[in-house]
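Listed here are the chains, written in short residue letters.
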Amino acid sequence: MTEKIWEEKGLVVRHNFLELLEHWAIALSGFVLIITGLFQMPLANRYYISSLPGLAWSGDFIISLNVHYAASAIFVAAAFFHVIYHGILGERGMLPQKGDLKTSITVVKSFFGKGEEPPFHKYLPEQRLAYIGMIFIIAMLIISGLVKTYKNIYAPDLSEGIVFLATWVHITFFILFVLAFIGHMAAIILKPNRPMVRAIFTGSVRLDYARHRHPLWVAELEGGRKIPATVEPAVEEISEETVEAETVKTSTEPEMLLQKKADLQEADESEDLYAETQEEDVGGTDKTSD
Amino acid sequence: MKKELLPKISRRSFLKTSAGITAASGLTVLPMAKKAHGATSGGLATLIDLSLCDGCVDWEMPACVSSCKTINKDVIPEPVNPIPQPWPRKTIEDWSKKKDVFNRLTPYNYLYVQKADVETEDGKRTVFIPRRCMHCDNPACATICPFSANHKMKNGAVVIDYDLCFGGAKCRTVCPWAIPQRQSGVGVYLQVLPDFMGNGVMYKCDLCHERLAEGKLPGCVEACPRKALLIGPHREIFALAEERAKQMNGYIYGKTENGGTSTLYVSPVSFDLINKALIKKPGEPDMKPDVQRRMVKTDGPGRIVLASPILGAAAGLIGAFKWFSRGKGGTKGGEKDND
């Protein structure tokens, strides 16, 4: 789709503007929903939150409910848009695949220095699992929230069982939503994942990062063309190696990846340094592409 | 004259409605409830005729209050001692040593008789007003309860589940008359985090919900020696209230207040004058005519929320359609870039 390799800039476009908009609509409205949801508990007055400057409204259930409603409208619309739009477009990159659970365990172990990561596609297997988990949590929050809203406006005497169920589903999945949010934040604290963070702000990741961590994705984007695995070797020699890298994953590759990763981590501190490496990379890849 | 005005609504017709309401399952509610705020027009309503109520002045305690107290005497368990101090706001409401108070609403007293010395054009007139929960048509106290511990039943009664209530008093804050009353040191919050969450249980009139289910009348209605309180099908009670108000050239309270309630006061004196004459203190509510249903301000945003799935899905469909209609060109362009 809009994913593409931007060789001159040393970047790979990972998300388009629309996807960023969807993410941030959900994220920001979700944050407001968590806060205003807590205000319904009611804790704003008890914990003197309503005494803080600018937060007097938090103790007013009518205002905080209206803020909750406003955020809900954005949250729900964005969620429905996301599922319908990407569903019709047939984008399945974030849906779990066979073996994701097993691979996820390997990946999580590798974060703690045990073993090595397998090569990734665009998304990590645990990202795909987390995505489907989040979809489920959000779906339950939306369904129960809509029932509660309907009850508030039209049917205060809706069956007690339904109202009770909706309320407790809403509370339970609220807790899961907060936990999922914490997990989501924890994932980006992990060093290997950090180069991905820029994608949710700018839409792109560094090409060198993508080549090393997401070779299957880059291979797909390059449409079966050879992957220039490294910069050093001469063009003629590279071709054979990269074909192997694409298909089999030679035993030397993980070592190379680790080496590169270590380089990346060192360079993580300085953006300028990156610009240089990227320029080098771009030069190298240009050569190989031609 | 008095006899004529008295129950058209017999015990039998009341029981019939009650049974009909019980028989109506949850499924029948949805289509019935489509009309905003009129959700309970099929339920029960009570009429309190202030021209009949004399406050049982010669009695030690008004009959309705006495009956209510007797029926509900064992509702509240003995609070724990000491009552845990909530943190950080240290409010504790303990009425357990003042169970006998009957001249205001307390967690141990769900009904009391207000006295208003009203200055009318014809001189001073004393009005006695039995006060309790109005059982509103769209009760904010119930819909806004974070744990669904407060619910409007199909028969119109607004009932707090004392086993589920955390005593946050949100219901009292949103009630225009601040009816629900808190007793700290009892309830489920003690089992969770008593210092940090919850503060007891909220108590109020439940229209003798359990007695209604058994086919009995609410205690206050049954006990009133002057038949100043009546209960019956919503429509019939409303018609009767109109009729009585017309006959006495009087006024009705509770029909439009807070978006409509199922308690109608009929009075020969205007409620504006009564309200002015009333002493207003915690547990002693006012009678402000035309008091607004505050939740009305949330109905608009709520309707937008209910429409948002459709809006989101429609945008998704349009977006996908646009993508496909210009998709080929766009993809080609993308490929060209890579080439």
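In this text, all values refer to a predicted model and were calculated from it rather than measured experimentally.

(A) Quick look at the overall build of chain B. Each helix and strand counted, chain B has 11 helices and 10 strands in total. Counting over 339 residues, chain B shows a buried share of 53%. Here chain B displays about 16,100 Å² of accessible surface, and carbon together with sulfur accounts for 56% of that area.

(B) Focus on a nonpolar patch on the surface. Residue and element names in this part refer to chain A. Together, F31, V32, I175, L176, L179, F181, I182, M185, I188 and I189 make up an exposed nonpolar region whose accessible area comes to about 870 Å². At the level of secondary structure, the elements contributing two or more residues to the nonpolar patch comprise α1 (17-39) and α5 (160-189). Here V32 falls in the partly exposed class, since its relative accessible area comes to 31%.

(C) Representation of the interface of chain B and chain A within the structure. Across the contact, 62 residues belong to chain B and 47 residues belong to chain A. Here chain B and chain A share an interface that buries about 4,900 Å² over both sides, 65% of which is from carbon and sulfur atoms. There are 1 salt bridge connecting chain B and chain A. The salt bridge partner of R294(B) is D60(A), with a shortest N-O separation of 3.2 Å. Of all elements in the fold, only α3 (29-32), β4 (150-152), α6 (170-174) and α11 (296-338) of chain B reach the threshold of two or more residues within the side of chain B that touches chain A. Tallied by class, residues from the side of chain B that touches chain A come to 31 nonpolar, 17 polar and 14 charged.

(D) Molecular detail of the sheet that holds strand β3 (residues 204-206) of chain A. All names here are of chain A. Ordered in space as β1-β2-β3, the 3 strands form an open sheet in which the pairing is antiparallel. Either end of the sheet is taken by a strand with one partner, and the two such strands are β1 (4-6) and β3. If you compare each strand with its neighbour and ignore which way they point, the axes differ by 25° on average. Bridge analysis of strand β2 (residues 11-13) against β3 gives 3 bridges, and the strand direction is antiparallel. Each bridged residue has a counterpart across the sheet, and for L11 the counterpart in β3 is R206. Contacts between helix α6 (residues 194-202) and the sheet are confined to β2 and β3, with β3 contributing the most and set at about 150° to the helix.

(E) Local environment of the sheet that holds strand β9 (residues 251-253) of chain B. Residues and elements named next belong to chain B. Read from one edge of the open sheet, 4 strands run β8-β1-β10-β9, paired in mixed fashion. Each edge of the sheet is formed by a strand with only one pairing partner; in this case those strands are β8 (229-233) and β9. Here the strands of the sheet are splayed against their neighbours by 25° on average, with no regard to which way each runs. In the sheet, strand β1 (residues 44-49) pairs with strand β10 (residues 263-267) via 4 bridges, with the strands oriented parallel.

(F) The arrangement of empty space enclosed by the protein in detail. Residue and element names in this part refer to chain B. Inspection of every chain in the model, using the stated rule, returns 8 cavities of 30 Å³ or more. Taken as a whole, the largest cavity encloses approximately 150 Å³ of empty space. Lining the largest cavity we find 18 residues, and of these C145, P146, C165, G168 and A169 sit closest to its centre. In terms of residue class, the lining of the largest cavity is built from 14 nonpolar, 3 polar and 1 charged.

(G) Highlighting the pattern of salt bridges. Residue and element names in this part refer to chain B. For the coordinates displayed, the defined rule picks out 17 salt bridges over all chains. With its nearest N and O atoms 3.5 Å apart, the salt bridge here joins K99 to E78. Of this pair, K99 sits in the loop between α4 (63-71) and β2 (112-120) while E78 sits in the loop between α4 and β2, and the two are 21 residues apart along the sequence. One continuous salt-bridge network, built from bridges that share partners, spans E93, R172 and R182.

The rules behind the values
Residues numbered from 1 in each chain as written. Chains lettered and ligands numbered in written order. Predicted model: local features only at pLDDT ≥ 70, side-chain atom pairs only at ≥ 80, totals over all residues. Heavy atoms only, no water. Helix = DSSP H or I, 4+ residues; strand = E, 2+ residues; numbered from the N terminus. Buried < 20%, exposed > 50% of the residue type's maximum accessible area, 1.4 Å probe, protein only. Areas by Shrake-Rupley, 256 points an atom, 1.4 Å probe, with all protein chains shown as cover. Patch = residues over 30% accessible without salt bridge, like charges linked within 9 Å, V, L, I, M, F, W, Y side chains within 5 Å. Salt bridge = Lys/Arg side-chain N within 4 Å of Asp/Glu carboxyl O. Contact = heavy atoms within 4.5 Å. Buried area = accessible area lost by both parts, 1.4 Å probe. Nonpolar A, V, L, I, M, F, W, Y, C, P; charged D, E, K, R; others polar. Pairing = 2+ DSSP bridges. Axes fitted to C-alpha atoms, helices over the stretch in contact; angles between N-to-C directions. 1 Å grid on protein atoms, 1.4 Å probe; cavity = no way out; pocket = protein on both sides within 12 Å on 5 of 7 lines; lining within 4 Å. Points joined across faces, edges and corners; volume = space filled by probe spheres on them.

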